[in-house]
Amino acid sequence: MQPVARPTTWQPVAVEVSLTTTDDAVRVLTGRRIVALTGAGVSTDSGIPDYRSPDSPPRNPMTYQQFVGDEAFRRHYWARNHVGWQHMHRTAPNPGHRALARLEERGILAGIITQNVDLLHQEAGARNVIDLHGRYDRVICLSCSRVVARAALAERLEALNPGFAESIGAVGDIEIAPDADAVVAETAHFRPAPCESCGGVLKPEIVYFGENVPRARVEEAYALVDSADALLVAGSSLTVMSGLRFVRRMARDGKPVVIVNRGITRGDVHATVKIDDGTSEVLAELAERLSPRPSVQVMAARH
Ligand SMILES: [Zn+2]
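Criteria and cut-off values
- Residues numbered from 1 in each chain as written.
- Predicted model: local features only at pLDDT ≥ 70, side-chain atom pairs only at ≥ 80, totals over all residues.
- UniProt positions renumbered as here; feature names shortened; annotations may be inferred.
- Helix = DSSP H or I, 4+ residues; strand = E, 2+ residues; numbered from the N terminus.
- pLDDT = per-residue confidence, 0-100.
- Contact = placed C-beta atoms within 7 Å.
- Axes fitted to C-alpha atoms, helices over the stretch in contact; angles between N-to-C directions.
- Parallel < 35°, antiparallel > 145°, perpendicular 65-115°, else oblique.
- Left-handed = near helix turned anticlockwise from the far one by under 90°.
- Nonpolar A, V, L, I, M, F, W, Y, C, P; charged D, E, K, R; others polar.
- Pairing = 2+ DSSP bridges.
- Buried ≥ 20, exposed ≤ 12 C-beta atoms within 10 Å, placed from the backbone.
- Right-handed = clockwise from strand over helix to strand, strands pointing away.
- Core = buried A, V, L, I, M, F, W, Y, C linked by C-beta atoms within 7 Å.
- Domains from an automatic or database assignment.

Caption draft 1: Representation of the UniProt feature "active site" (unreviewed entry) in the protein within the structure. The sites that UniProt annotates as "active site" (unreviewed entry) are His133. Looking at the element boundaries, His133 is found in the loop between strand E3 (129-131) and strand E4 (134-141).

Caption draft 2: Highlighting the confidence of the model for the protein. Residues of the protein with pLDDT of at least 70 account for 84%, and the chain-wide mean is 86. The low-confidence segment residues 1-7, where pLDDT is below 50, has 21 contacts with residues more than four positions distant or belonging to other chains. The low-confidence segment residues 171-176 (pLDDT under 50) makes 22 contacts with residues lying over four places distant or belonging to another chain.

Caption draft 3: Representation of the packing of helix H1 (residues 22-29) against helix H10 (residues 279-289). One way to put it is that H1 packs onto H10 with a least axis distance of 10 Å and a crossing angle of 45 degrees. Our classification of the angle between H1 and H10 gives oblique. The crossing of H1 and H10 is right-handed. From H1, Thr22, Ala25 and Val26 reach across to H10, where they touch Val282, Glu285, Leu286 and Arg289. For the contact of H1 with H10, the residue count by class is 4 nonpolar, 1 polar and 2 charged.

Caption draft 4: View of the sheet that holds strand E8 (residues 257-260). Judged by pairing direction, the sheet is parallel, and its 6 strands sit side by side in the order E3-E2-E1-E7-E8-E9 without closing on themselves. Both edges of this open sheet fall to E3 and strand E9 (273-275), since each of them pairs with a single strand only. Within the sheet, the average angular offset between the axes of one strand and its neighbour, ignoring direction, is 15 degrees. By the bridge criterion, 5 bridges tie strand E1 (residues 34-38) to strand E7 (residues 230-234) in an arrangement that is parallel. Among the inter-strand pairings, Ala36 is bridged to a residue of E7, identified as Leu232.

Caption draft 5: Just the pairing of E8, in detail. Neither face of E8 is exposed, since Val257 and Ile259 on one face and Val258 and Val260 on the opposite face are all buried. Bridging between E7 and E8 involves 4 bridges; their strand directions are parallel. Note on E8: the bridge partner recorded for Leu231 is Val257. As a crossover connection, the stretch from E7 through helix H9 (residues 241-252) into E8 is right-handed.

Caption draft 6: Quick look at unusual backbone geometry. Phi at Leu119 is positive, roughly 65 degrees, even though this residue is not glycine. Among the secondary structure elements, Leu119 is positioned in the loop between strand E2 (109-114) and helix H5 (120-123). Residue Leu119 is classed as partly exposed on the basis of its 18 C-beta neighbours within 10 Å. Positioned with a positive phi, Leu238 is a non-glycine residue whose angle comes to about 55 degrees. Examined against the element boundaries, Leu238 turns out to sit in the loop between E7 and H9.

Caption draft 7: Representation of the sheet that holds strand E5 (residues 147-149) within the structure. As summarised here, the arrangement of the 3 strands in space is E5-E4-E6, forming an open sheet in which the pairing is antiparallel. With partners counted over all chains shown, the strands left at the sheet margins are E5 and strand E6 (202-206), one partner each. Pairs of neighbouring strands in the sheet enclose a mean axial angle of 40 degrees, with direction left out of account.

Caption draft 8: Examining the environment of Ala36 more closely. Positionally, Ala36 belongs in strand E1. Between the C-alpha atom of Ala36 and that of Ala234, which follows or precedes it by 198 residues, the distance is 7.2 Å. Discounting residues that sit within four places of it in the chain, Ala36 has contacts with Leu100, Leu109, Ile112, Leu232 and Ala234.

Caption draft 9: Geometry of the nonpolar core. The biggest cluster of nonpolar side chains holds 61 residues, and the ones touching the most others in it are Ile34, Ala36, Leu100, Leu231, Leu232, Val233 and Val258. There are two domains that each give this core at least three residues, and those are domain 1 (1-48 + 94-133 + 213-303) and domain 2 (53-90 + 135-206).

Caption draft 10: Seen up close, the environment of Leu132. If you trace the backbone, Leu132 turns up in the loop between E3 and E4. Distance in space between the C-alpha atoms of Leu132 and Ile113 is 6.4 Å, their sequence separation being 19 residues. The residues contacting Leu132, other than those within four sequence positions of it, are Ile113, Thr114, Gln115, Val213, Arg217, Ala221 and Ser242.

In C-alpha coordinates:
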(Lines give C-alpha, C1' and ligand atoms only; values in the text may rest on other atoms or scores of the structure.)
Protein backbone atom coordinates (compact mmCIF):
# COMPACT_ATOMS: atom_id res chain seq x y z
CA MET A 1 0.00 0.00 0.00
CA GLN A 2 1.33 3.41 -0.92
CA PRO A 3 1.58 6.22 1.58
CA VAL A 4 -1.61 8.21 1.25
CA ALA A 5 -0.54 11.54 2.67
CA ARG A 6 2.59 12.77 1.00
CA PRO A 7 3.97 15.65 -1.02
CA THR A 8 2.40 15.51 -4.43
CA THR A 9 3.24 16.66 -7.90
CA TRP A 10 -0.41 17.32 -8.75
CA GLN A 11 -0.88 20.68 -10.39
CA PRO A 12 -4.30 22.35 -10.30
CA VAL A 13 -6.16 22.06 -13.61
CA ALA A 14 -9.43 23.87 -14.12
CA VAL A 15 -12.38 21.58 -14.89
CA GLU A 16 -15.68 22.98 -16.10
CA VAL A 17 -18.52 22.02 -13.74
CA SER A 18 -21.92 23.18 -14.97
CA LEU A 19 -23.67 23.31 -11.57
CA THR A 20 -22.07 25.99 -9.37
CA THR A 21 -24.64 27.54 -7.03
CA THR A 22 -26.03 26.85 -3.57
CA ASP A 23 -29.43 26.34 -5.23
CA ASP A 24 -27.88 23.51 -7.25
CA ALA A 25 -26.38 22.00 -4.09
CA VAL A 26 -29.73 22.13 -2.27
CA ARG A 27 -31.46 20.45 -5.21
CA VAL A 28 -28.84 17.68 -5.44
CA LEU A 29 -28.58 17.04 -1.68
CA THR A 30 -32.24 17.24 -0.66
CA GLY A 31 -33.61 13.93 0.54
CA ARG A 32 -30.22 12.23 0.54
CA ARG A 33 -28.18 10.77 3.36
CA ILE A 34 -25.06 12.95 3.33
CA VAL A 35 -21.51 12.41 4.56
CA ALA A 36 -19.14 15.39 4.78
CA LEU A 37 -15.42 15.35 4.02
CA THR A 38 -13.70 18.44 5.39
CA GLY A 39 -10.26 20.00 5.08
CA ALA A 40 -8.25 22.99 6.19
CA GLY A 41 -10.55 25.50 4.44
CA VAL A 42 -13.26 24.80 7.01
CA SER A 43 -11.01 26.02 9.82
CA THR A 44 -9.49 29.13 8.24
CA ASP A 45 -12.33 31.27 9.65
CA SER A 46 -11.28 29.98 13.09
CA GLY A 47 -7.85 31.50 12.52
CA ILE A 48 -6.00 28.33 11.53
CA PRO A 49 -4.09 28.96 8.28
CA ASP A 50 -4.64 26.72 5.26
CA TYR A 51 -1.20 26.08 3.87
CA ARG A 52 -2.58 24.83 0.57
CA SER A 53 -4.78 27.76 -0.37
CA PRO A 54 -3.67 29.96 -3.28
CA ASP A 55 -2.44 32.85 -1.13
CA SER A 56 -0.70 30.71 1.50
CA PRO A 57 2.97 31.00 2.34
CA PRO A 58 5.15 28.45 0.53
CA ARG A 59 5.42 25.31 2.55
CA ASN A 60 7.78 22.40 2.80
CA PRO A 61 6.12 19.70 4.86
CA MET A 62 8.22 17.58 7.18
CA THR A 63 7.97 13.92 6.26
CA TYR A 64 7.51 11.02 8.62
CA GLN A 65 10.95 9.78 7.58
CA GLN A 66 12.59 13.09 8.52
CA PHE A 67 10.85 13.19 11.87
CA VAL A 68 11.78 9.62 12.76
CA GLY A 69 15.27 9.67 11.29
CA ASP A 70 16.69 13.03 12.36
CA GLU A 71 16.93 14.33 15.90
CA ALA A 72 17.38 17.92 14.69
CA PHE A 73 14.06 17.80 12.79
CA ARG A 74 12.32 16.39 15.84
CA ARG A 75 13.75 19.08 18.10
CA HIS A 76 12.67 21.78 15.66
CA TYR A 77 9.23 20.26 15.27
CA TRP A 78 8.64 19.98 19.00
CA ALA A 79 9.92 23.51 19.61
CA ARG A 80 7.36 24.96 17.18
CA ASN A 81 4.64 22.60 18.36
CA HIS A 82 5.28 23.64 21.96
CA VAL A 83 4.57 27.23 20.98
CA GLY A 84 1.84 26.66 18.37
CA TRP A 85 -0.11 24.16 20.43
CA GLN A 86 -1.17 26.87 22.82
CA HIS A 87 -2.73 28.82 19.95
CA MET A 88 -4.62 25.73 18.78
CA HIS A 89 -5.96 25.23 22.26
CA ARG A 90 -7.58 28.66 22.13
CA THR A 91 -9.31 28.38 18.72
CA ALA A 92 -13.10 28.14 18.50
CA PRO A 93 -15.53 26.64 15.96
CA ASN A 94 -16.93 28.92 13.24
CA PRO A 95 -20.34 28.97 11.47
CA GLY A 96 -19.21 26.21 9.07
CA HIS A 97 -18.48 23.78 11.93
CA ARG A 98 -21.75 24.69 13.62
CA ALA A 99 -23.75 24.23 10.39
CA LEU A 100 -22.45 20.68 9.94
CA ALA A 101 -23.18 19.83 13.58
CA ARG A 102 -26.73 21.13 13.10
CA LEU A 103 -27.20 19.04 9.95
CA GLU A 104 -26.07 15.96 11.87
CA GLU A 105 -28.36 16.71 14.79
CA ARG A 106 -31.32 16.94 12.40
CA GLY A 107 -30.54 13.56 10.83
CA ILE A 108 -29.46 14.98 7.47
CA LEU A 109 -25.74 14.37 7.87
CA ALA A 110 -24.61 10.83 8.76
CA GLY A 111 -21.13 11.87 9.82
CA ILE A 112 -17.97 13.81 9.09
CA ILE A 113 -14.60 12.61 7.83
CA THR A 114 -12.09 15.37 8.50
CA GLN A 115 -8.51 15.91 7.41
CA ASN A 116 -8.16 18.51 10.17
CA VAL A 117 -6.53 17.67 13.49
CA ASP A 118 -8.05 20.63 15.36
CA LEU A 119 -11.14 18.88 16.87
CA LEU A 120 -13.32 21.89 16.04
CA HIS A 121 -16.13 19.72 14.59
CA GLN A 122 -16.45 17.95 17.94
CA GLU A 123 -16.27 21.23 19.78
CA ALA A 124 -19.16 22.50 17.64
CA GLY A 125 -21.22 19.52 18.77
CA ALA A 126 -20.73 17.00 15.95
CA ARG A 127 -20.69 13.43 17.27
CA ASN A 128 -19.86 11.05 14.44
CA VAL A 129 -16.46 12.41 13.39
CA ILE A 130 -13.59 10.39 11.92
CA ASP A 131 -10.30 12.23 12.45
CA LEU A 132 -8.61 10.87 9.33
CA HIS A 133 -5.26 12.52 9.98
CA GLY A 134 -5.29 12.21 13.76
CA ARG A 135 -5.81 14.81 16.46
CA TYR A 136 -3.59 17.45 17.95
CA ASP A 137 -4.43 16.70 21.58
CA ARG A 138 -2.74 13.30 21.70
CA VAL A 139 0.86 12.10 21.53
CA ILE A 140 2.05 8.56 20.84
CA CYS A 141 5.33 6.80 21.67
CA LEU A 142 6.94 5.33 18.55
CA SER A 143 8.50 2.50 20.61
CA CYS A 144 5.81 1.29 23.03
CA SER A 145 2.72 2.91 21.40
CA ARG A 146 1.63 4.47 24.68
CA VAL A 147 -0.70 7.40 24.05
CA VAL A 148 -0.68 10.43 26.35
CA ALA A 149 -2.58 13.69 26.38
CA ARG A 150 -0.84 16.62 24.73
CA ALA A 151 -1.81 18.74 27.74
CA ALA A 152 0.18 16.49 30.08
CA LEU A 153 3.19 16.71 27.78
CA ALA A 154 2.92 20.51 27.76
CA GLU A 155 3.78 20.63 31.43
CA ARG A 156 6.83 18.41 30.94
CA LEU A 157 8.04 20.47 27.97
CA GLU A 158 7.60 23.66 29.95
CA ALA A 159 9.61 22.19 32.83
CA LEU A 160 12.39 21.15 30.43
CA ASN A 161 12.32 24.50 28.60
CA PRO A 162 11.28 27.17 31.09
CA GLY A 163 10.22 30.43 29.42
CA PHE A 164 10.85 29.09 25.91
CA ALA A 165 7.39 29.84 24.51
CA GLU A 166 7.57 33.45 25.73
CA SER A 167 11.10 33.99 24.43
CA ILE A 168 10.28 32.79 20.93
CA GLY A 169 7.07 34.70 20.25
CA ALA A 170 8.19 35.70 16.75
CA VAL A 171 8.36 32.08 15.56
CA GLY A 172 5.14 31.25 17.29
CA ASP A 173 2.74 31.31 14.38
CA ILE A 174 0.25 28.49 14.56
CA GLU A 175 2.21 25.42 13.59
CA ILE A 176 0.55 22.15 14.31
CA ALA A 177 0.99 20.36 11.02
CA PRO A 178 4.53 19.13 10.53
CA ASP A 179 6.81 21.55 8.78
CA ALA A 180 10.37 21.17 7.56
CA ASP A 181 11.47 24.78 7.48
CA ALA A 182 15.19 25.16 7.92
CA VAL A 183 16.04 24.47 11.54
CA VAL A 184 16.25 27.92 13.04
CA ALA A 185 18.88 28.85 15.58
CA GLU A 186 16.27 29.80 18.16
CA THR A 187 15.07 26.21 18.45
CA ALA A 188 18.50 24.55 18.55
CA HIS A 189 18.60 24.44 22.35
CA PHE A 190 15.05 23.10 22.76
CA ARG A 191 14.80 19.88 24.75
CA PRO A 192 12.04 17.46 23.60
CA ALA A 193 10.58 15.07 26.16
CA PRO A 194 11.04 11.29 25.87
CA CYS A 195 8.33 8.69 26.61
CA GLU A 196 7.91 8.38 30.37
CA SER A 197 7.39 4.62 30.13
CA CYS A 198 10.26 3.52 27.89
CA GLY A 199 12.31 6.59 26.97
CA GLY A 200 11.23 6.27 23.32
CA VAL A 201 10.55 9.01 20.80
CA LEU A 202 7.23 10.84 21.14
CA LYS A 203 5.29 11.95 18.08
CA PRO A 204 2.00 13.80 17.84
CA GLU A 205 -0.81 11.41 16.95
CA ILE A 206 -1.05 13.15 13.59
CA VAL A 207 -0.56 11.51 10.20
CA TYR A 208 2.56 12.96 8.60
CA PHE A 209 3.46 13.26 4.98
CA GLY A 210 4.88 9.92 3.90
CA GLU A 211 2.88 8.07 6.54
CA ASN A 212 -0.20 5.88 6.07
CA VAL A 213 -3.54 6.58 7.67
CA PRO A 214 -4.11 3.59 10.02
CA ARG A 215 -5.95 0.90 8.09
CA ALA A 216 -8.81 0.50 10.58
CA ARG A 217 -9.52 4.22 10.33
CA VAL A 218 -9.59 4.07 6.53
CA GLU A 219 -12.03 1.14 6.62
CA GLU A 220 -14.24 3.02 9.06
CA ALA A 221 -14.28 6.01 6.71
CA TYR A 222 -15.11 3.85 3.68
CA ALA A 223 -17.98 2.27 5.63
CA LEU A 224 -19.36 5.70 6.44
CA VAL A 225 -19.03 6.83 2.82
CA ASP A 226 -20.70 3.64 1.56
CA SER A 227 -23.62 4.21 3.95
CA ALA A 228 -24.31 7.60 2.35
CA ASP A 229 -25.86 8.57 -0.93
CA ALA A 230 -24.17 11.92 -1.34
CA LEU A 231 -20.77 13.37 -0.40
CA LEU A 232 -20.32 16.99 0.63
CA VAL A 233 -16.68 18.08 0.40
CA ALA A 234 -15.92 21.31 2.25
CA GLY A 235 -12.66 23.25 2.33
CA SER A 236 -10.32 20.67 0.88
CA SER A 237 -8.31 20.85 -2.33
CA LEU A 238 -8.21 17.01 -2.20
CA THR A 239 -4.55 17.14 -3.10
CA VAL A 240 -3.63 14.03 -1.14
CA MET A 241 -5.06 10.60 -1.82
CA SER A 242 -6.23 10.19 1.78
CA GLY A 243 -9.28 12.34 0.96
CA LEU A 244 -9.51 12.06 -2.82
CA ARG A 245 -10.16 8.30 -2.68
CA PHE A 246 -13.55 8.85 -0.99
CA VAL A 247 -14.59 11.19 -3.80
CA ARG A 248 -13.52 8.58 -6.34
CA ARG A 249 -15.48 5.92 -4.46
CA MET A 250 -18.68 7.99 -4.59
CA ALA A 251 -18.18 8.80 -8.26
CA ARG A 252 -17.55 5.13 -9.04
CA ASP A 253 -20.84 4.25 -7.35
CA GLY A 254 -22.71 6.92 -9.31
CA LYS A 255 -23.49 9.03 -6.22
CA PRO A 256 -23.41 12.84 -6.33
CA VAL A 257 -20.45 14.80 -5.00
CA VAL A 258 -20.88 18.45 -3.98
CA ILE A 259 -17.65 20.40 -3.47
CA VAL A 260 -17.44 23.74 -1.64
CA ASN A 261 -13.94 25.16 -1.83
CA ARG A 262 -12.14 28.37 -2.73
CA GLY A 263 -10.12 27.41 -5.78
CA ILE A 264 -9.59 24.34 -7.93
CA THR A 265 -9.66 20.91 -6.29
CA ARG A 266 -8.33 17.60 -7.48
CA GLY A 267 -11.86 16.20 -7.19
CA ASP A 268 -13.51 18.74 -9.51
CA VAL A 269 -13.54 16.21 -12.33
CA HIS A 270 -15.95 14.11 -10.22
CA ALA A 271 -18.06 17.00 -8.90
CA THR A 272 -21.80 17.13 -9.57
CA VAL A 273 -21.84 20.62 -8.06
CA LYS A 274 -18.79 22.84 -7.45
CA ILE A 275 -19.24 26.00 -5.41
CA ASP A 276 -16.15 28.21 -5.51
CA ASP A 277 -16.67 30.05 -2.24
CA GLY A 278 -15.87 30.11 1.47
CA THR A 279 -17.25 27.23 3.52
CA SER A 280 -18.65 29.18 6.50
CA GLU A 281 -21.26 31.06 4.45
CA VAL A 282 -22.22 28.20 2.13
CA LEU A 283 -22.51 25.54 4.86
CA ALA A 284 -24.62 27.89 6.98
CA GLU A 285 -26.97 28.42 4.05
CA LEU A 286 -27.17 24.68 3.35
CA ALA A 287 -28.04 24.04 7.00
CA GLU A 288 -30.86 26.57 6.67
CA ARG A 289 -32.29 25.13 3.50
CA LEU A 290 -31.82 21.35 3.64
CA SER A 291 -34.67 19.30 5.09
CA PRO A 292 -34.48 15.92 6.78
CA ARG A 293 -35.10 12.83 4.69
CA PRO A 294 -38.78 11.77 4.51
CA SER A 295 -38.12 8.62 6.60
CA VAL A 296 -36.61 10.74 9.35
CA GLN A 297 -39.61 13.06 9.28
CA VAL A 298 -41.94 10.08 9.63
CA MET A 299 -39.95 8.78 12.57
CA ALA A 300 -39.98 12.21 14.19
CA ALA A 301 -43.75 12.49 13.67
CA ARG A 302 -44.35 9.20 15.49
CA HIS A 303 -42.65 10.43 18.64
ZN1 LIG B 1 7.29 4.41 25.16
